[in-house]
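Spelled out, the chains give:
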Amino acid sequence: MGKSILLLLLPVCLYAQSGDTALKTKAIGDIQSRYDDYKKIALQIWDYAEVGYKEARSSALLQRTLTDNGFAVKAGVAGIPTAFVASYGSGSPVIGILAEFDALPGLAQQAVPEKSGIEGKNAGHGCGHHLFGTASVAAGIELRKLIAEKKISGTVRVYGCPAEEGGSGKVYMVRAGLFDDVDVVIHWHPGADNAVTLTSALANKSAKFRFTGLAAHAAAAPDKGRSALDGVEAMDYMVNMMREHIPQETRIHYVITNGGKAPNVVPDFAEVYYYVRHPKKEEVVRIFDWVVKAAQGAAMGTQTSVDYEVIGGTHDLLLNSTLAEDMQQNLLRVGGVAYTPAETEFGRKIQASFTYTVPSVASAGVVQPLKAEQDAGGGSTDVGDVSYAVPTVGLRAATWVPGTPAHSWQATACGGTDIGIKGMMVAAKTMALTAVDLFSDAGLVTRAKEEFKKAKGDYQYKALLGDRKPALNYRD
């Protein structure tokens, strides 16, 4: 049965933005004038393609760029070698901008409109985080310039956030108190259209379940062995039967990361990696605990043993319409992405690889109306934990050809071209202009905080991943 989705068209914000028109025009021009510089940075990170908590070169490049532009950078924060906080200015308001830079395993792809891997590489930027980090740094640099010129006053911070893809990097940063004195946080994400985010995300809890058995010759002495792989498969079977009896909004997915080494050896070790998602964090915890019981039952039934390690856990996304309405006006001012004839041809070739109906290539130039969607979307993000610590607002920009799904070779390919770079610049400009409003209008910050306080209610934040240390080797 399909899900019923209610779309509410929000009224366009009618209040006059406090940010000076000339100042915003200048900011847009300043960022655009450094197109080639930011393109070079983004494509270098695209080429590095480092997975979660392994992003040493990517993080160092962004840190160096910020340092060269006057920021004071503190590296290795929250017990994570590749996490950093870059600051400039003093006093209030304190405006934070999130920057990501991790790649995904298995998505190495050349910047061409047909599937074509890169020899010797495995990972690729199929979620566009090379663009994410670079745009955020670009916005931060422009705001630093405006503060230095005394056009605005306050503090800008760029947060280098590793391992968003399953590693929950921001959760540890929230837990370490790095956002405690921040007034508003701004973020964005690569996408296939241009829109301000007013849809939540799925809360998520993940773990690796490790079964231990007894090795034996699978033909000569099978009775003397106990298969750890049997334990994994029994667990998977029971979890799949659970699907009939859990809320339909739930998402459970898994991959067997170790199933043994040879068919004629009874595996004495096997591992399966699980994600459990639901719009409500409380339901995630309840369903995850049920998955744990399935693992324990599978171990009993196969005479193996099992333990598990929680790898990640993220909250849903707490939305803020006050901030979203302001960002929408700035996105409309910046506009969407215009393709050259060659880029249009590239886009059509990309779209030809899809098996479903896609929007027009020209829709990359459109800014979507601001809509509140009563649906948690299909993905999860550790930005959710940030949104429970401080008022937060974000957008998508068309860095991929319209119709392109995230985590695909097509997304990786687009991210290595000017199609991706142009969308990245849309995001950088929109974030900078929104921050200008926040620096210029204390009332906007106050209204955002009031909405945040009401939406959060009496909930006391608690990380879903518990008190574990950062899972620095979760990609191993």
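Calculation rules
- Residues numbered from 1 in each chain as written.
- Predicted model: local features only at pLDDT ≥ 70, side-chain atom pairs only at ≥ 80, totals over all residues.
- Heavy atoms only, no water.
- Helix = DSSP H or I, 4+ residues; strand = E, 2+ residues; numbered from the N terminus.
- Rg over C-alpha atoms; globule rule 2.2 N^0.38 Å.
- Buried < 20%, exposed > 50% of the residue type's maximum accessible area, 1.4 Å probe, protein only.
- Contact = heavy atoms within 4.5 Å.
- Areas by Shrake-Rupley, 256 points an atom, 1.4 Å probe, with all protein chains shown as cover.
- Lys, Arg positive; Asp, Glu negative; His and termini not counted.
- Charge placed at Lys NZ, Arg CZ, Asp CG, Glu CD.
- Pairing = 2+ DSSP bridges.
- Axes fitted to C-alpha atoms, helices over the stretch in contact; angles between N-to-C directions.
- Expected span 1.5 Å × (residues − 1).
- Arc of directions from axis to C-beta.
- Polar contact = N/O pair within 3.5 Å; in protein donor to acceptor, adjacent residues only side chain to side chain.
- Phe/Tyr/Trp six-rings, centres within 6.5 Å; stacked < 30°, edge-to-face > 60°.
- Lys NZ or Arg CZ within 6 Å of the ring centre and 35° of its normal.
- Core = buried A, V, L, I, M, F, W, Y, C linked by side-chain atoms within 4.5 Å.
- pLDDT = per-residue confidence, 0-100.
- Salt bridge = Lys/Arg side-chain N within 4 Å of Asp/Glu carboxyl O.

Draft legend 1. Broad picture of the overall build of the chain. Along the chain, the regular secondary structure elements total 13 helices and 13 strands. The globule rule puts the C-alpha radius of gyration for 476 residues at 23 Å, and the 23 Å found for the chain is close to it. Seen through its principal axes, the chain has C-alpha atoms that stretch 80 × 55 × 45 Å. Per-residue burial for the chain yields a buried fraction of 56% across its 476 residues. Sequence-distant contacts, at least 24 apart, represent 83% of the contacts inside the chain between residues at least 6 apart. Split by element, the accessible area of the chain, about 19400 Å² in all, is 53% carbon and sulfur. The average position of the 48 basic charges and that of the 50 acidic charges among the side chains of the chain differ by 2 Å.

Draft legend 2. Seen up close, the sheet that holds strand β2 (residues 72-75). Sheet architecture is open: seven strands sit in the order β2-β3-β5-β4-β6-β13-β7, paired in mixed fashion. Of all strands in the sheet, those with a lone pairing partner are β2 and β7 (195-196), marking the two edges. When strand β4 (residues 94-100) meets strand β6 (residues 184-191), the two strands line up parallel, connected through three bridges. Bridge pairing in β6 links I95 to V184. Sheet strands in contact with helix α3 (residues 56-68) are β2, β3 (84-89) and β5 (155-161), and its direction is about 10° off that of β3. Packing against the sheet, helix α12 (residues 418-440) makes contact with β4, β5, β6 and β13 (392-398), and its axis sits at approximately 165° to β6.

Draft legend 3. Here's a closer look at helix α13 (residues 442-456). Between its first and last C-alpha, α13 extends 21 Å over 15 residues, near the 21 Å set by a 1.5 Å rise per residue. For α13, the complete set of buried residues consists of L444, V445, A448, E451 and F452. The buried residues of α13 all sit within an arc of 130° when viewed along its axis, so they share a single face. In α13, the exposed positions that point more than 90 degrees away from the buried face belong to A442, E450, K453 and K454. A side-chain oxygen of the first residue of α13 lies 3.0 Å from the backbone nitrogen of G443; this N-cap is D441.

Draft legend 4. Summary view of the packing of aromatic side chains. Counted under the stated rule, the structure contains 13 aromatic pairs. The ring of Y88 has R144 sitting right over it, with the charged end atom 5.2 Å from the ring centre. Directly above the ring of Y273 sits K208, whose terminal nitrogen or CZ lies 5.2 Å from the centroid.

Draft legend 5. Summary view of the nonpolar core. Of all hydrophobic cores here, the largest spans 79 residues; its most connected members are W188 and M424. For this core, the element with the most residues is α12, which contributes 14 residues. In this view, W188 contacts L131, F132, A135, S136, L395, A397, T399, G423, M424, A427 and M431; residues no more than four positions away in its chain are not counted. Residues A163, A270, A298 and L465 belong to the second largest nonpolar core, which totals 52 residues.

Draft legend 6. Region of interest: the confidence of the model for the chain. Taken residue by residue, the chain gives an average pLDDT of 95. The fraction at 70 or more is 95%. Within the model, pLDDT remains below 50 along residues 1-19, and this stretch shows 40 contacts once partners closer than five positions in the same chain are excluded.

Draft legend 7. Examining unusual backbone geometry more closely. Note that the residue after S92, namely P93, is joined by a cis bond; omega there is -5°. Tracing the sequence through the fold places P93 in the loop between β3 and β4. The phi torsion at A49 lies on the positive side, around 45°, for a residue other than glycine. As for its placement among the helices and strands, A49 is situated in the loop between α2 (35-48) and α3. Under the relative-accessibility criterion, A49 is labelled buried at 10%. Residue S168 is not a glycine yet carries a positive backbone phi of 60°.

Draft legend 8. The arrangement of the side chain of S227 in detail. Assignment of secondary structure puts S227 in the loop between β8 (203-212) and α6 (228-242). Residue classification places S227 among the buried residues on the basis of a relative accessible area of 11%. Polar side-chain contacts of S227 include one of 3.2 Å to the backbone nitrogen of L229. Of note is the side chain of S227, whose polar atom sits 3.0 Å from the backbone nitrogen of D230. Excluding anything up to four places from it in sequence, S227 contacts V266, P267 and T304.

Draft legend 9. Quick look at helix α9 (residues 341-351). All buried positions along α9 are accounted for by E343, T344, F346, G347, I350 and Q351. All buried residues of α9 fall inside an arc of 160° around its axis, so they share one side. Facing away from the buried surface of α9 by more than 90 degrees, the exposed residues are P341, A342 and R348. Contact partners of the buried residues in α9: α11 (409-415) and α12.

Draft legend 10. Highlighting the pattern of salt bridges. Tallied over the entire structure, the rule returns 24 salt bridges. Between D37 and R34 there is a salt bridge, and its shortest N-O distance comes to 3.5 Å. Of the charged contacts in the structure, one is a salt bridge between D476 and K54, with a shortest N-O distance of 3.3 Å. Of this pair, D476 sits in the segment after α13 while K54 sits in the loop between α2 and α3, and the two are 422 residues apart along the sequence. Assessed through its relative accessible area of 62%, D476 is described here as exposed. Judged by relative accessible area, K54 falls into the partly exposed class, the value being 31%. One salt-bridge network, held together by shared partners, links K26, D30, K145, E149 and K151.

Draft legend 11. Spatial organisation of the sheet that holds strand β10 (residues 269-278). Ordered in space as β9-β10-β8-β11, the four strands form an open sheet in which the pairing is antiparallel. Each edge of the open sheet is held by one strand with a lone partner, namely β9 (251-258) and β11 (305-314). Across this sheet, the average inter-strand angle for adjacent strands is 20°, counted without regard to direction. Pairing analysis gives 10 bridges linking β8 to β10, with the strands arranged antiparallel. If you follow R210 over to β10, its bridge partner there is E271. In the packing of α6 onto the sheet, the strands contacted are β8, β9 and β10, and the crossing angle to β10 comes to about 20°. Set on the sheet, helix α7 (residues 281-302) makes contact with β8, β9, β10 and β11; between it and β8 the angle comes to about 10°.

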